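Architecture at a glance
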Amino acid sequence: MSDSTPPEQDFATTVSALETLVERLESGELSLEEALGAFEQGVKLTRDAQARLDRAELKVRALTEDADGQLRVAPFDQPPSASGDAPDDDQEQTPPW
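Below: a short report on this structure. (Residues numbered from 1 in each chain as written. Predicted model: local features only at pLDDT ≥ 70, side-chain atom pairs only at ≥ 80, totals over all residues. Heavy atoms only, no water.)

Brief notes about the overall build of the chain
For the chain, the helix and strand inventory stands at three helices and zero strands. Going residue by residue from the N terminus, the α and β elements of the chain occur as α-α-α. Evaluated residue by residue, the chain yields a buried proportion of 8% over its 97 residues. Residue pairs in contact within the chain that sit at least 24 positions apart in sequence constitute 41% of those at least 6 positions apart. Roughly 8200 Å² of accessible area belongs to the chain as shown, and the carbon and sulfur atoms make up 54% of that amount. (Helix = DSSP H or I, 4+ residues; strand = E, 2+ residues; numbered from the N terminus. Buried < 20%, exposed > 50% of the residue type's maximum accessible area, 1.4 Å probe, protein only. Contact = heavy atoms within 4.5 Å. Areas by Shrake-Rupley, 256 points an atom, 1.4 Å probe, with all protein chains shown as cover.)

This is the structure we're talking about:
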């Protein structure tokens, strides 16, 4: 593994590393070269985090699309009905957050 390829890390670790980089950059204590290196590392981490979010979104879409490709609102604690004939009231439920 080379220095340009960081080891795979989880999403929370990536976000934490980005926050640390931002703090260092905002401190103004880095030289130009160090700031450029930190910025490059931040861009790589941002791309990695965005790719993870994109993959997660695709998984969620795959799990919530019906046979016609229509997205359905379904509570996280209940699987969507297989018949797809849920009452209209269920489609207007708000998410738990």
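On we go.
Some remarks on helix H1 (residues 11-27)
Helix length check: H1 (17 residues) gives 24 Å between terminal C-alpha atoms against 24 Å at 1.5 Å per residue, within 8%. Lining the buried residues of H1 we find helix H2 (32-64). Downstream of H1 by a residue or two, Gly28 has a phi angle that is positive, lying close to 75°. (Expected span 1.5 Å × (residues − 1).)

Examining the environment of Glu65
Tracing the chain through its elements places Glu65 in the loop between H2 and helix H3 (88-91). In contact with Glu65, other than residues within four places in its own chain, are Gln70 and Leu71.

Observations regarding the environment of Ser27
Looking at the secondary structure, you find Ser27 in helix H1. Separated by 3.2 Å, the side chain of Ser27 and the backbone nitrogen of Glu29 make a polar contact. (Polar contact = N/O pair within 3.5 Å; in protein donor to acceptor, adjacent residues only side chain to side chain.)

As for H2
The first and last C-alpha atoms of H2 sit 47 Å apart over 33 residues, in line with the 48 Å expected at 1.5 Å per residue. Here H2 has its buried residues at Ala38, Gly42, Leu45, Ala49 and Arg52. The secondary structure elements touched by the buried residues of H2 are H1.

A word on the packing of H1 against H2
It is at 9 Å that the axes of H1 and H2 come closest, and there the two elements cross at 150°. Viewed along their axes, H1 and H2 adopt a mutual orientation that is roughly antiparallel. Taken as a pair, H1 and H2 cross one another with a handedness that is left-handed. Between H1, through Phe11, Thr14, Ala17, Leu18, Leu21 and Leu25, and H2, the contact on the second element is made entirely by Ala35, Ala38, Phe39, Gln41, Gly42, Leu45, Thr46, Asp48, Ala49, Arg52 and Leu53. Here the residues of the contact of H1 with H2 are counted per class, giving eleven nonpolar, four polar and two charged. (Axes fitted to C-alpha atoms, helices over the stretch in contact; angles between N-to-C directions. Parallel < 35°, antiparallel > 145°, perpendicular 65-115°, else oblique. Left-handed = near helix turned anticlockwise from the far one by under 90°. Nonpolar A, V, L, I, M, F, W, Y, C, P; charged D, E, K, R; others polar.)

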